[in-house]
Number of protein chains: 4
Amino acid sequence: MTIIIKDLDTKKRLFDSAAKVFAKKGFDKATVDEIADYAGVAKGTIYYYFRGKEELFLFLMEEGMERLRLRIESKINDADEIAYSLGKIIDIHVDFVKENSDLCIILLSEAWGISARQERLQDMLDKYYSIVGKFIDAGIAQKVIRPMDKGVIAASLFGITTVAAQHFLRKKDAFDWDPVNSQIREILLRGILVD
Amino acid sequence: MTIIIKDLDTKKRLFDSAAKVFAKKGFDKATVDEIADYAGVAKGTIYYYFRGKEELFLFLMEEGMERLRLRIESKINDADEIAYSLGKIIDIHVDFVKENSDLCIILLSEAWGISARQERLQDMLDKYYSIVGKFIDAGIAQKVIRPMDKGVIAASLFGITTVAAQHFLRKKDAFDWDPVNSQIREILLRGILVD
Amino acid sequence: MTIIIKDLDTKKRLFDSAAKVFAKKGFDKATVDEIADYAGVAKGTIYYYFRGKEELFLFLMEEGMERLRLRIESKINDADEIAYSLGKIIDIHVDFVKENSDLCIILLSEAWGISARQERLQDMLDKYYSIVGKFIDAGIAQKVIRPMDKGVIAASLFGITTVAAQHFLRKKDAFDWDPVNSQIREILLRGILVD
Amino acid sequence: MTIIIKDLDTKKRLFDSAAKVFAKKGFDKATVDEIADYAGVAKGTIYYYFRGKEELFLFLMEEGMERLRLRIESKINDADEIAYSLGKIIDIHVDFVKENSDLCIILLSEAWGISARQERLQDMLDKYYSIVGKFIDAGIAQKVIRPMDKGVIAASLFGITTVAAQHFLRKKDAFDWDPVNSQIREILLRGILVD
DNA sequence: GATGAATGAGAGTTCATTCAT
DNA sequence: CATGAATGAACTCTCATTCAT
């Protein structure tokens, strides 16, 4: 029992530590040493749980994306109106960026480009797009959303929330998220919904 | 004379080579060796023209941002209507992403995070925001744009264009940019303009 | 009782596993993990039975050398003619290489060089030389073997059998050992016996 | 000019240093650090000249084998009698082991086993066998050598010279090589030539 | 008897940078 | 102007060993 707890403990500590360090430094500048230090374990321990730096990173990303997906799917009721659901998705998204800023910074900084790893990150983005895409399709079918390219809409949703949220995250001072949240929602909804 | 021409020549070659390699690999994974190879010069030559890898990179970024700024300022007439100008800015922006995808990929991948260099990139983003911000302020004053936080709008503009443009850039096949362009414009303008 | 049987069992499994892995990878490239995996025990178990990798290895080598020594001494009758005994030694030797190729590969690959462990392996070679040397001395005394340096003869015997046997072992296809065996014997005996 | 000399100088120093260290420690135990130290260059320099430790090692081996091949082919006159040529080959071989003991120790210690690199070393052994094999074929055709398997003879030649020479090399004290040389030759020639 | 999570010293390798030419 | 041999600090990863259970 204790073993399992310790095990989970170590992996959890590694997860948090990696998120922090990767977010602060980016994948390449982050060192395994620093991640280990921050987690309070020996360097070798990381290699006991993960095959290497790359795998630790990917694990982190997939885990994060999964959380976002789970949250969206659990909070959205298929019976709700599309317009309402879309507004809720935006809220969830902004909240997620707010709560998991480390993860989101990493995603933003590493998801572009075209190398091998990035393809796997692109896959995650695609998965995300497909989650959101479902609602967009429904919205268009119900003539709630104007007939536009699904990709443009999904990318806009992702781009506007993360970049804008990021923009405010940079300022150290606490500030009121509510107006940001509602403004982002307003821009997007007005932009895509039929009058 | 010849010397000057050769000089320009070499520096130009280095600029293009660096843009390609940085875009393909990202700052950290790109090596000075590869940039030199690609430019057809010896590694030492880079250090003749730039103080180091970092400076070459920053030179590239600033040059790129300057180009965007220049283009916006030269094509926008202060006498024009705000709504018209904003639409034009979006067009210019999308065109710029399309034409300078290398540069934009770098910007997207290196502009996030908080390390030393990134602060300098953030400064660039801020500079960009301020260019756009001028029009937004004017728009709000003229009650053409709804009263919103300037930052949210600027970030939305940047986020939506780059992420969406990027999204389509990933697909190898040529495709028609016009609808993408107009849809992005539509989303944004509807989102921020008063009815 | 059960405990003792399990004990023997585990040690025996470790012995076989170590022989396989050391032969396949050499001492340095072989990992304790792999040996444990192959034996179907946990890594820690090896340290329960042996002080470490080095000791496991030496145990293996000494065990192997002892087997060869035992076999030679048990099959050779001091009353026999020297020439006959030498021929028999060669046969035994070739058979041993054939039957214990794993062990011999290790011996061949680790016995050279001058590091600490290798000195212990050299001791084994010396012990082997002394076993064979007894017969060589006797042969020279009886004027059956031409008066030559004992070391040259013993090294020749060892070199010719192991290298030649090894040479044929490399070929995957089964082939007839008898002629190889007799040819090796012929070369050596003609080479060292008086006419 | 100076550059070329320095270049050759560095590579030559690396060659000698690598031979010494590999011979003393074996491939795995030898460290790149030690090789660099011994050569009086920085560790990175090795990677300027060779792709890695492995390549440095293979370069060493191939260079060594080539030297032996060259020496045999340059000193052997096809017009000479086979028996005489074979004797000479043995002499050359023993001399070579004597003069290049470092190289030979490495060859003996790394040529056995079955891993990837070893296959490349086996290729070298095969090349060597083919050089010697030419003379053995001729000898058998001329009925100077008794009709035996060519492989057995070549392996015997290689095994007996290297192992025996090695055996004496281990003793630090200088000693007279001539009798060793002639005894090895005698064993082999008597063993394979017709009466 | 046996386990396996955790360790940490030490290895091979990369690469931005320097400098004599 | 331009070179490229040489550097060395810093990095990722390996693995024999320990020890609490």
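The structure reproduced in this document is the subject of the present report.

The rules we used
- Residues numbered from 1 in each chain as written.
- Chains lettered and ligands numbered in written order.
- Predicted model: local features only at pLDDT ≥ 70, side-chain atom pairs only at ≥ 80, totals over all residues.
- Heavy atoms only, no water.
- Helix = DSSP H or I, 4+ residues; strand = E, 2+ residues; numbered from the N terminus.
- Buried < 20%, exposed > 50% of the residue type's maximum accessible area, 1.4 Å probe, protein only.
- Contact = heavy atoms within 4.5 Å.
- Areas by Shrake-Rupley, 256 points an atom, 1.4 Å probe, with all protein chains shown as cover.
- Buried area = accessible area lost by both parts, 1.4 Å probe.
- Salt bridge = Lys/Arg side-chain N within 4 Å of Asp/Glu carboxyl O.
- Polar contact = N/O pair within 3.5 Å; in protein donor to acceptor, adjacent residues only side chain to side chain.
- Least-squares fit on C-alpha atoms with pLDDT ≥ 70 in both.
- Phe/Tyr/Trp six-rings, centres within 6.5 Å; stacked < 30°, edge-to-face > 60°.
- Lys NZ or Arg CZ within 6 Å of the ring centre and 35° of its normal.
- Nonpolar A, V, L, I, M, F, W, Y, C, P; charged D, E, K, R; others polar.

Check the secondary structure of chain A and you find nine helices and zero strands. Here chain A holds 195 residues, and the buried ones make up 52% of them. Within chain A, residue pairs in contact and separated by at least 24 positions form 68% of the contacts whose partners lie at least 6 positions apart. With the model as given, the accessible surface of chain A reaches about 9,300 Å², and the carbon-plus-sulfur share is 53%.

The next subject is the environment of Gly151 of chain A. When you line up the elements, Gly151 of chain A lands in helix α8 (residues 150–169). Measuring from C-alpha to C-alpha, the distance between Gly151 of chain A and Gly133 of chain A comes to 7.9 Å, with 18 residues separating the pair along the chain. Sequence-distant contacts of Gly151 of chain A, that is, excluding residues within four places in its chain, are made with His167 and Phe168 of chain B.

Chain A puts 41 residues into the contact, and the matching count from chain B is 41 residues. Summed over both sides, the interface of chain A with chain B buries roughly 3,700 Å², with 63% coming from carbon and sulfur. There are four salt bridges connecting chain A and chain B. Across the pair Asp28 of chain B and Lys29 of chain A runs a salt bridge whose closest N-O atoms are separated by 2.6 Å. The tally of links between chain A and chain B comes to six residue pairs in polar contact (both at pLDDT 80 or more).

Turning next to the relation of the copies chain A and chain B. The two copies are related by a screw operation: chain A maps onto chain B through 180 degrees of rotation and 0.2 Å of translation along the axis, at an RMSD of 0.2 Å. Within this description, the copies of the chain are treated as partners about a two-fold rotation axis. Of all interface residues in chain A, 95% are interface residues in chain B too; the two copies therefore contact each other through one and the same surface.

All names here are of chain A. By secondary structure assignment, the location of His93 is in helix α5 (residues 82–99). Judged by its relative accessible area of 2%, His93 is buried. When near neighbours in sequence (up to four residues on either side) are disregarded, His93 contacts Leu68, Tyr128, Phe158, Thr161 and Thr162.

Let us now look at the relation of the copies chain C and chain D. Overlay of chain C on chain D (RMSD 0.3 Å): rotation 180 degrees, translation along the axis 0.2 Å. The share of interface residues of chain C whose copies in chain D are also at the interface is 95%, consistent with both copies meeting through the same surface.

Before going further, it helps to examine the packing of aromatic side chains. Residues and elements named next belong to chain A. By the definition in use, this model includes 24 aromatic pairs over all chains. A centroid spacing of 5.6 Å and a plane angle of 10 degrees characterise the contact between Phe22 and Phe27, whose relative ring orientation is stacked. Per residue, the accessibility class of Phe22 equals that of Phe27, and both read buried. Joined through ring pairs, the aromatic side chains of Phe15, Phe50 and Phe59 make up one cluster. The ring of Phe59 has Lys11 sitting right over it, with the charged end atom 5.3 Å from the ring centre.

A few words on the interface of chain C and chain D. Across the contact, 42 residues belong to chain C and 41 residues belong to chain D. Note on chain C versus chain D: buried area summed over both sides is about 3,700 Å², and carbon and sulfur give 63% of it. Counting across the chain C and chain D interface gives four salt bridges. The tally of links between chain C and chain D comes to six residue pairs in polar contact (both at pLDDT 80 or more). For the side of chain C that touches chain D, the elements supplying multiple residues, two or more each, are α1 (2–29), α6 (101–110), α7 (116–141), α8 (150–169) and α9 (177–192) of chain C. Counting residues per element, the side of chain C that touches chain D draws most heavily on α8 of chain C, which supplies 12 residues. In terms of residue class, the side of chain C that touches chain D is built from 21 nonpolar, 11 polar and 10 charged.

These results come straight from atomic positions and should not be treated as a statement about function.
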